[in-house]
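Take a look at the letters that make up each chain.
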Amino acid sequence: MWKPPQRIKFHSQLGQPPSAEQAQASRLFSPVSVGPLTLSQRTWVPAMVPWRSNDEGWVTEDVLQWYGRFARGRPGAIVIEATGIRDVPSGPLLRIGHDRYVEGLQRLVQTIHRESQGHTRALIQIIDFLNIRRRPEPAKFFERFLRITPRLREALGAQDWSEEDVRAHLSQMEPAQWPTVLDAREWEALHMGARERVTDTEWPHIQELPQVLPELFAAAAGRAQQAGFDGVELHYAHAYTMASFLSATNVRTDGYGGGREQRIRLPLEVYGAVRQTVGPSYVVGCRYLAEECIDGGHTLDDAVWFGEQFARAGMDFISTSRGGKFDDAKQPGVGSSAYPYTGRSGYECMPQYLSDEQGPFGRNIAATARIRSAIRAAGLDTPVVCTGGVHNFEMAEAMLERGDCDIVGTARQSLADPDWALKTSLGLGHQVRLCEYTNYCEGLDQKHKQVTCQLWDRQDLDEPGLRKSIDGKRRLVAPDWNPPG
Ligand SMILES: Cc1cc2nc3c(=O)[nH]c(=O)nc-3n(C[C@H](O)[C@H](O)[C@H](O)COP(=O)(O)O)c2cc1C
Ligand code: SF4
């Protein structure tokens, strides 16, 4: 992952943990309304893909155990990882693109409700993403994948050559010459792996995204409701389809790109279709980017305006993230695909302990606070969830006290210690295992390996019945913690 050149080391701190009485009286441990739903406290575990599903996208026993473990820490809400809305193979990512998935998802909801003893609400993040290919071997690329176009022939001065000769010639060229004859997308396909964009409207399946996505999202949300989820989160963040429509890089000319009014059109139409399917009293919100953090990306002004429009449209919550784009991703190795958390925007999404003067903690707060205050200024009370580097009670409580947000998201801190909020609420905050923001977990995600935390994944490996990672070396969920008494 990209790191700020300053490389200043930061250490997470426990802060001043509250007594049980102080916790009882705190904002963090007070209830909050999210549309028709009440969360018992303002702690929120945002979506995290742990690579626990299988190639068919089922809810496996490992998926149940993973979320059951978070639920035992009794956060206000858990958002299930990005779950695909299409019925197409997507590797071991959870799927909700067909009715056959409803039964497994039902078991997942029941697990969260049961393991949290009814304290935690279960939401699911639903996602669409476009195709991305692995970085190819140059020889294979020239032999099979590259289309030999008249433009390319002209660039090579090879108008009369056979296609075979053009391919052989390219293969044998000095690699430094390739970017001089390939166009930008061909060069990207070779040195990064080909990646579809929402602006590739010459392809019918991209052109018709505005016609097909509302229905696909709506059907998926309907299944989430059928499975008993307490709500859905539309994934409008990071490197994926809906965020790409919102992005300032979206220059589609069909009314769904260009100015921000056009860029938000599909996200609002998707929301409208979802709302129509699930009805007025079911929780629907979205996660989107307070800042894209890429050159030419949308500004905070755009994000503030988007937030206000989402709230006006009737969304029940708004959750923010930042960065996490393909646009500045690092070159992957041959045979791997680009990962949207390797560039500067990736750092902004999941900042680690080596940082700049600002540090890795709370980088999303100021932007989120501006979005929330615009929503409030518009007379709307939509709750706002802020996530990013939050790891102790003091910090979370201060965010709520200042009015930066209404709910505090903790992804890696919850992974490091799923009981952090429970311990804190009982006055046992000094027992919290603090995330060190090393991004070991994110490295596993990048390699599509089962995600675990380095602070606990080698502990008590001889525990009877323990489920371990494929290589047998790591436990898959944090050891249990039993509250005293
Ligand atoms: C392993 C891993 C997987 C993630 N998967 C998702 C995801 O599916 N959807 C999403 O919106 N964010 C995802 N994120 C981003 C987190 O939700 C969160 O925004 C980010 O980690 C910053 O918050 P933190 O500092 O509390 O960890 C993931 C993060 C990690 C570490
Ligand atoms: S591996 Fe654990 S300690 Fe390291 S960043 Fe991830 S959650 Fe935090």
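The following paragraphs examine the structure supplied in this document. (Residues numbered from 1 in each chain as written. Chains lettered and ligands numbered in written order. Predicted model: local features only at pLDDT ≥ 70, side-chain atom pairs only at ≥ 80, totals over all residues. Heavy atoms only, no water.)

Here we look at the overall build of the protein
Let me state the cut-off plainly: The numbering of helices and of strands both runs from the N terminus, where a helix is a DSSP run of H or I of at least 4 residues and a strand a run of E of at least 2. The globule rule used here is 2.2 Å times the number of residues to the 0.38 power, and the radius of gyration it is set against is calculated over C-alpha atoms. A 1.4 Å probe rolled over the protein chains alone gives each residue an accessible area, and that area as a share of the maximum for its type sets the label: buried under 20%, exposed over 50%, partly exposed in between. We call two residues in contact when some of their heavy atoms are within 4.5 Å. For the area figures, the Shrake-Rupley method with a 1.4 Å probe applies, and any residue is considered shielded solely by the protein chains shown. Positive charges come from Lys and Arg, negative ones from Asp and Glu, while His and the chain ends are left out of the count. Charged groups are reduced to one reference atom each: NZ for lysine, CZ for arginine, CG for aspartic acid, CD for glutamic acid.
The number of helices and strands found in the protein is 20 helices and 12 strands. Its C-alpha atoms give the protein a radius of gyration of 23 Å, near enough to 23 Å, the size a compact globule of 485 residues would have. By principal-axis analysis of the C-alpha atoms, the protein measures approximately 85 × 55 × 50 Å. Within the protein, buried positions represent 58% of all 485 residues. When contacts within the protein are restricted to residue pairs at least 6 apart in sequence, those whose partners lie at least 24 apart make up 70%. Counting only carbon and sulfur atoms, one obtains 47% of the accessible surface of the protein, whose full area is about 20,100 Å². Within the protein, the 61 negative side-chain charges are centred at a point lying 3 Å from the centre of the 55 positive side-chain charges.

Some remarks on the nonpolar core
To keep things clear, this is the line we draw: Note on terminology: a nonpolar core comprises buried Ala, Val, Leu, Ile, Met, Phe, Trp, Tyr and Cys residues joined through side-chain atoms within 4.5 Å.
By size, the foremost hydrophobic cluster in this structure holds 78 residues, and its most contacted members are Leu-108, Phe-229, Leu-234, Tyr-236, Tyr-288 and Phe-310. Considering every element that reaches this core, the biggest residue donor is helix 14 (residues 300–313), with 7 residues. Counting residues in hydrophobic clusters, the runner-up holds 17 residues, among them Ala-23, Met-399, Ala-421 and Leu-434.

Observations regarding the sheet that holds strand 7 (residues 231–236)
Let me state the cut-off plainly: Note: two strands are recorded as paired if DSSP finds a minimum of 2 bridges between them. Only C-alpha atoms enter the line fits that serve as axes; for helices the fit covers just the stretch in contact. Angles between N-to-C directions range over 0 to 180 degrees.
Taken in spatial order, the 8 strands line up as 4-5-6-7-8-9-11-12 and close into a barrel, and their pairing is parallel. Across this sheet, the average inter-strand angle for adjacent strands is 30 degrees, counted without regard to direction. As paired elements, strand 4 (residues 43–45) and strand 12 (residues 407–409) share 2 bridges and run parallel to each other. Looking at the pairing, Thr-43 lines up with Val-408 of strand 12. Of the strands in this sheet, strand 7 and strand 8 (283–291) touch helix 13 (residues 265–278), which is tilted by about 165 degrees from strand 7.

Some details on the site of ligand 1
Our working rule: We call a residue near a given molecule or strand whenever any one of its heavy atoms falls within 4 Å of it. Distance and chemistry together define a polar contact, namely a pair of N or O atoms within 3.5 Å, with one atom able to donate a hydrogen and the other to accept it when in protein, and with adjacent residues in sequence counting only for side-chain atoms on both sides. Gly is placed with the polar residues, together with every amino acid not listed as nonpolar (Ala, Val, Leu, Ile, Met, Phe, Trp, Tyr, Cys and Pro) or charged (Asp, Glu, Lys and Arg).
Lining the immediate environment of ligand 1, one finds 19 residues, of which Ala-47, Gln-125, Arg-287, Gly-389 and Arg-412 sit closest. Within the backbone of Ala-47, one N or O atom sits 2.8 Å away from an oxygen atom of ligand 1. Take Val-49: an N or O atom from its main chain is 3.0 Å from a nitrogen atom of ligand 1. Contact with the protein chains covers 97% of the free accessible surface of ligand 1, which is 610 Å². In the shell around ligand 1, the residues fall into 8 nonpolar, 8 polar and 3 charged.

What to know about the site of ligand 2
Near ligand 2 you find 13 residues, and of these Cys-435, Thr-438, Asn-439, Cys-441 and Cys-453 are the closest. Within the residue set of the shell around ligand 2, elements represented by two or more residues are helix 18 (412–416) and helix 20 (440–446). Here the shell around ligand 2 gets 3 residues from one element, more than from any other, and that element is helix 18. In terms of residue class, the shell around ligand 2 is built from 8 nonpolar, 3 polar and 2 charged.

Some points on the packing of aromatic side chains
To describe a pair of aromatic rings, you give the distance between the ring centres and the angle between the ring planes. We apply this condition: Stacked, edge-to-face and tilted are the three classes for Phe, Tyr and Trp ring pairs, Trp counted by its six-membered ring, which pair at centre distances within 6.5 Å; planes under 30 degrees apart are stacked, over 60 edge-to-face, the rest tilted. Cation placement over rings: the criterion is NZ of Lys or CZ of Arg within 6 Å of the ring centroid and within 35° of the ring normal.
For the structure shown, the criterion picks out 13 aromatic pairs. Members of the aromatic cluster, each reached through a chain of ring pairs, are Phe-10, Phe-361 and Tyr-437. The residue whose ring lies beneath Arg-133 is Phe-145, and the NZ or CZ to ring-centre distance is 5.9 Å. When the ring centre of Tyr-256 is taken as origin, the NZ or CZ atom of Arg-265, which lies over that ring, is 4.0 Å away.

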